[in-house]
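Working through the structure, step by step
Here's the letter readout for the chains.
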Amino acid sequence: MEPVNTDVADDAPTTAGHAGAESTEAAEASDAPTLGEILLAVEELWPESLAEEWDEVGLVAGHPSAEVSRIMFAVDPTLDVIEEAIEWGAELLITHHPLLLKGVTSVAATTAKGKAVHRLIESGTGLLTVHTNGDSAVGGVSDVLADALGLHDVVPLTPAANGLPEEGIGRVGDLEDVMTLGDFAARVYGILPSVAGGVRVSGDKDGLVRRVAVCGGAGDSLFNEVRASNADIFVTADLRHHPASEARENAVNDRPYLIDVSHFASEWLWLPAAADALGNVLTDQGHDVDIRVSTTNSDPWDFILTPGGD
């Protein structure tokens, strides 16, 4: 599986020479925030109050008093991602997807999740989850997707119960100009990281679209909201056969068309923006932290077979 390319952060600077090294290292150490201070910055950007009731977000592993000088962002807390973070020297891994979404009675290292917990604790690497609070917040997953597609006048598909009017799950907005479905699908394909699943499209290739609904990650629970928004097309991930088929059967004037993309790819777009946002907040607070995005491709699919021709 090919790694994901990212230019979000440069490599960490080299260590200073012996002359003045101790004072330089002391200054750098004093600039590093504690994990507790980072939690406050994360709460400012992606409040836990925006998380869905079923979700599990927040700190999974780590001491709030520990100093953090390196942070890595990733979509999934897989073992490969955790090893990448440890190898780089990250004291904190921030992932979009939770490691422990469902209740557990054991974290023994006999399962993948148990091994993950052990590696994190044994290496002194904290783990923080920003999931549906990162979906809902201003500048969140669907906002970034909408921006990458060139949408304007963007509003939530489902306003947040405990947030600002511009916060909520999914987004809908308008393209600057009308496009054919085929050309718009090509735009979607062009903004996403390369993964095996590609882009699946349902609708007339020459049909015209302007109003676009998006939901990073799995969005097939939002069809009612998409129809109510009068969107010409809905871009999301993990569309199952029956919900997609029923949506097409219930389409009005053949709309909304559907575009189904990789779950991983649709949410990966948020990582560079999230890394920049957290870096800006920490810098404003006087902290010096090296932040980068994982290059591990955690999309579960490795290759796909498709019919030849158009």
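**Examining the sheet that holds strand S8 (residues 208-218)**
- Taken together, six strands build an open sheet; the order of strands is S5-S6-S8-S9-S10-S7 and the sheet is mixed. For this open sheet the edge positions go to strand S5 (151-159) and strand S7 (200-202), each flanked by a neighbour on one side alone. If you compare each strand with its neighbour and ignore which way they point, the axes differ by 25 degrees on average.
- When S7 meets strand S10 (residues 257-261), the two strands line up antiparallel, connected through three bridges. Residue pairing in the sheet places Ser-202 in a bridge with Leu-258 of S10.

**Section: the packing of helix H2 (residues 35-45) against helix H11 (residues 270-284)**
- Contact geometry of H2 with H11 gives a least axis separation of 10 Å together with a crossing angle of 120 degrees. Put simply, H2 runs oblique to H11. By crossing handedness, the relation of H2 to H11 is classed as right-handed. For the pair H2 and H11, contact is made by Ile-38, Ala-41, Val-42, Glu-44 and Leu-45 and by Ala-277, Leu-278, Val-281 and Leu-282, respectively.
- Tallied by class, residues from the contact of H2 with H11 come to eight nonpolar, no polar and one charged.

**A closer look at the nonpolar core**
- If you look at the biggest cluster of nonpolar residues, it comprises 53 residues, and the most contacted ones within it are Trp-46, Ile-71, Phe-73, Ile-94, Phe-184 and Leu-278.
- The dominant element in this core, judged by the number of residues it contributes, is H11, at seven residues.
- Those residues in contact with Ile-71, other than ones at most four positions away along the chain, are Ile-38, Trp-88, Leu-92, Ile-94, Leu-278, Leu-282, Val-289, Asp-290, Ile-291 and Arg-292.

**With respect to the side chain of Asp-174**
- Residue position: Asp-174 is located in strand S6 (residues 168-180).
- Polar side-chain contacts of Asp-174 include one of 3.2 Å to the side chain of Arg-211.
- Those residues in contact with Asp-174, other than ones at most four positions away along the chain, are Gly-150, Leu-151, His-152, Arg-210 and Arg-211.

**Concerning the pattern of salt bridges**
- All chains considered together, the criterion is met by seven salt bridges.
- The salt bridge partner of Arg-119 is Glu-83, with a shortest N-O separation of 2.7 Å. Pair noted here: Arg-119 is in helix H4 (residues 112-123) and Glu-83 is in helix H3 (residues 79-88), with a separation of 36 residues, a long-range link.
- For Asp-174, the salt bridge is made with Arg-211, and the minimal N-O distance between the two is 3.2 Å. Of this pair, Asp-174 sits in strand S6 while Arg-211 sits in strand S8, and the two are 37 residues apart along the sequence.
- Accessibility expressed as a relative area gives 24% for Arg-211, which makes it partly exposed.

**As for unusual backbone geometry**
- In this structure, Pro-256 follows Arg-255 across a cis peptide bond, with omega equal to 10 degrees.
- You can see Pro-256 is positioned in the loop between helix H9 (241-249) and S10.
- Notably, Asn-253 is not glycine yet its phi reads approximately 55 degrees, a positive angle.
- Exposure remark for Asn-253: the relative accessible area of 66% places this residue in the exposed category.
- Phi angles above zero are rare outside glycine, and Asp-254 is one such case at about 70 degrees.
- Topologically, Asp-254 is positioned in the loop between H9 and S10.
- Overall, the relative accessible area of 34% leaves Asp-254 in the partly exposed class.

**Regarding the confidence of the model for the protein**
- Model confidence for the protein is summarised by a mean pLDDT of 91, while 90% of its residues fall at 70 or above.
- In this model, residues 7-29 is a region of pLDDT below 50 whose contacts with residues beyond four sequence positions or in other chains number 18 contacts.

Basis of the calculations
Numbering of residues starts from 1 in every chain and runs along the sequence as written. In keeping with the model being predicted, local features are shown solely for residues with a pLDDT of at least 70 and side-chain atom pairs are shown and tallied solely at 80 or more, while totals for entire chains, interfaces and linings include all residues. As a rule here, side-chain values cover all heavy atoms of the structure and leave hydrogens and water aside. At least two DSSP bridges between two strands are required for those strands to pair. By definition, any uninterrupted DSSP run of H or I lasting at least four residues is a helix, any uninterrupted run of E lasting at least two residues is a strand, and each is numbered from the N terminus. Axis geometry follows a simple rule: fit a line to the C-alpha atoms, using only the stretch in contact for helices, then measure angles between N-to-C directions, giving values from 0 to 180 degrees. The scheme is simple: roughly parallel for angles under 35 degrees, roughly antiparallel for over 145, roughly perpendicular for 65 to 115, oblique for anything else. Note: crossing handedness is left-handed where the near helix turns anticlockwise from the far helix by less than a right angle, and right-handed where it turns clockwise. The criterion used for residue contact is that any of the two residues' heavy atoms lie within 4.5 Å. Polarity classes work like this: nonpolar for Ala, Val, Leu, Ile, Met, Phe, Trp, Tyr, Cys and Pro, charged for Asp, Glu, Lys and Arg, and polar for all others, with Gly in that last group. We call a set of buried residues a nonpolar core when its members are Ala, Val, Leu, Ile, Met, Phe, Trp, Tyr or Cys and they connect through side-chain atoms within 4.5 Å of each other. In this scheme, a residue with accessible area under 20% of its type's maximum is buried, one over 50% is exposed, and one in between is partly exposed, where area comes from a 1.4 Å probe on protein chains only. By the criterion applied in these results, polar contacts are pairs of N or O atoms within 3.5 Å in which, for protein atoms, one can donate a hydrogen and the other can accept it, and in which residues neighboring in sequence qualify only through two side-chain atoms. A carboxyl oxygen of Asp or Glu within 4 Å of a side-chain nitrogen of Lys or Arg is what we treat as a salt bridge. The quantity known as pLDDT measures the predictor's confidence residue by residue, on a range of 0 to 100.

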